Amino acid sequence: MKRIHLLVTAPLLGLLLVIGALPGANAAGPAPVQFTPPPESAMPKGEFGKSVKLGEQIFIHTGTFAGKFVGNSLNCASCHLDAGRRPNASPLWAAYISYPAYRSKNGHVNTFAERIQGCFRFSMNGKAPPLGDPVLVALESYAYWLSTGAPVGGPVAGRGYPKLPAPALTPSYARGSEVFAQHCALCHGPDGQGQSSGGKVVFPPLWGARSFNWGAGMHSIQNAANFIKANMPLGLGGSLTDQQAWDVATFMDSHERPQDPRFTGSVEATRLKYHNSKYSMYGRTVNGHVLGSE
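Cut-offs applied
- Residues numbered from 1 in each chain as written.
- Predicted model: local features only at pLDDT ≥ 70, side-chain atom pairs only at ≥ 80, totals over all residues.
- Heavy atoms only, no water.
- Helix = DSSP H or I, 4+ residues; strand = E, 2+ residues; numbered from the N terminus.
- Buried < 20%, exposed > 50% of the residue type's maximum accessible area, 1.4 Å probe, protein only.
- Core = buried A, V, L, I, M, F, W, Y, C linked by side-chain atoms within 4.5 Å.
- Contact = heavy atoms within 4.5 Å.
- Phe/Tyr/Trp six-rings, centres within 6.5 Å; stacked < 30°, edge-to-face > 60°.
- Lys NZ or Arg CZ within 6 Å of the ring centre and 35° of its normal.
- Lys, Arg positive; Asp, Glu negative; His and termini not counted.
- Salt bridge = Lys/Arg side-chain N within 4 Å of Asp/Glu carboxyl O.
- Polar contact = N/O pair within 3.5 Å; in protein donor to acceptor, adjacent residues only side chain to side chain.

Turning to unusual backbone geometry, a few remarks are in order. Here the amide bond leading from tyrosine 99 into proline 100 is cis, since omega sits at 5°, within 30 degrees of zero. In this structure, serine 90 is a non-glycine residue whose phi angle is positive, near 50°. Tracing the backbone through its elements, the reader meets serine 90 in the loop between helix 4 (81–84) and helix 5 (92–96). You can call serine 90 buried: its relative accessible area is 1%. Backbone geometry places asparagine 287, a non-glycine residue, at a positive phi of 50°. Along the chain, asparagine 287 falls in the loop between strand 7 (285–286) and strand 8 (289–290).

Next comes the structure, spelled out in structure tokens:
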């Protein structure tokens, strides 16, 4: 889940400097608060607890528990790691306390429920659960419980992804292909289509028909690079150099994927309206193919 109205894009954590008691300290803003979500053992009982538990299951096994709203092989936890708990992996608890918020993506103030609906539409390449649907209520309940004790309206350590500095070299598809083969293909497959076991996705597809669509935040090279640097390879976050993260994000996002549901009928017009960014490969030609044209 992503907070757009911060100084960083999509929600990336702003590392604020605090000058203590020196003059002008207030201008720097408060220090980010360290927060740990409640343990599984503290999950509430009763009817509310059932909704929280259902939300957790939907989050981890989205296709199984919310299949009618899902159009690909991803789960919420594919990007929001450790069931939405892990800091610097766009944790669910940080998203909950970040809304309502204005999002430039759709040009208005979004509620948290609307933000989840957008995830289903874009990242899950599906359709949005209507307001009040048990799936949406359960996910809201789970996020609310995870955020128990978290401060509202102030900076929290671990929100979103840490923002990478601009790359020293222009990101390269060719170098990214090498990084992918060396560090990513073992889990996501040499063709980027992920791996399944017992009918359940273990490692998600990174492009193609069963991945996120062109409207998802992860299609942005910058967002993908930030996530990759902090969290990939799984269990070895931070082991890639900044340049490797930029390069492999470029490689990943230079493959075809499902169409942006906001498609206007023209790739060129859709890029101009929704993807007019140096970080978007939509509408660009890679290996002789115009991305977004399938």
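The structure having been displayed, the exposition proceeds.
Turning our eyes to something else, we now look at the nonpolar core. The biggest cluster of nonpolar side chains holds 68 residues, and the ones touching the most others in it are Phe120, Tyr142, Phe180, Met218 and Ile228. Residue assignment for this core shows that the elements contributing at least two residues are helix 2 (46–60), helix 4, helix 5, helix 6 (112–121), helix 7 (134–146), helix 8 (173–188), helix 9 (221–231) and helix 10 (242–252). The dominant element in this core, judged by the number of residues it contributes, is helix 7, at eight residues. Non-local contacts of phenylalanine 180, meaning those with residues more than four positions away in its chain, are made with Ala185, His188, Gly189, Pro190, Gly192, Leu206, Trp207, Val248 and Phe251.

For the rest of this paragraph, the subject is helix 6. When you tally the buried positions in helix 6, you get eight out of ten residues, the bulk of the element. Looking at the packing, one finds that the buried side of helix 6 touches helix 3 (62–65), helix 5, strand 2 (101–103), strand 3 (108–110) and helix 7.

Bringing the packing of aromatic side chains into the picture now. A full pass over the atoms with the stated rule returns 15 aromatic pairs. Ring centres of phenylalanine 35 and tryptophan 93 lie 5.0 Å apart, and the angle between their planes is 55°; this geometry places the pair in the tilted category. One end of the pair, phenylalanine 35, is in the loop between helix 1 (25–28) and helix 2; the other, tryptophan 93, is in helix 5, and 58 residues separate them in sequence. With a relative accessible area of 15%, phenylalanine 35 lands in the buried category. An angle of 75° between the planes, with centres 6.2 Å apart, marks the rings of phenylalanine 69 and phenylalanine 120 as edge-to-face. Of this pair, phenylalanine 69 sits in the loop between helix 3 and helix 4 while phenylalanine 120 sits in helix 6, and the two are 51 residues apart along the sequence. When its relative accessible area of 1% is taken as the criterion, phenylalanine 120 is described as buried. The structure contains a cluster of three or more aromatic residues connected by ring pairs, namely Phe48, Tyr96, Tyr99, Phe112 and Tyr144. Directly above the aromatic system of phenylalanine 122 lies the positively charged group of lysine 105, at a separation of 4.0 Å from the ring centroid. In this structure, arginine 257 is placed above the aromatic ring of tryptophan 214, and the distance from its NZ or CZ to the ring centre is 5.6 Å.

Here glutamate 256 lies in the loop between helix 10 and helix 11 (267–274). Arginine 257 provides the closest opposite charge to the buried, salt-bridge-free glutamate 256, at an N-O distance of 6.6 Å. There is a polar contact of 2.6 Å between the side chain of glutamate 256 and the side chain of histidine 289. Contact partners of glutamate 256, with chain neighbours within four places excluded, come to Trp207, Gly208, Trp214, His289, Val290, Leu291, Gly292, Ser293 and Glu294.

Within the structure shown, the criterion is met by eight salt bridges. Lysine 50 is the salt-bridge partner of glutamate 47, the closest N and O atoms lying 3.1 Å from each other. In this pair, glutamate 47 and lysine 50 both sit in helix 2, three residues apart, roughly one turn of the helix. Exposure remark for glutamate 47: the relative accessible area of 60% places this residue in the exposed category.

Another aspect to go through is the environment of serine 211. Positionally, serine 211 belongs in the loop between strand 6 (200–203) and helix 9. Separated by 108 residues in sequence, serine 211 and arginine 103 have C-alpha atoms that sit 23 Å apart. If we ignore the near neighbours within four places in the chain, the residues touching serine 211 are Asn72, Leu74, Asn125, Pro205, Leu206, Arg257 and Pro258. Here proline 205 takes part through its backbone oxygen, which lies 3.0 Å from a polar atom of the side chain of serine 211.

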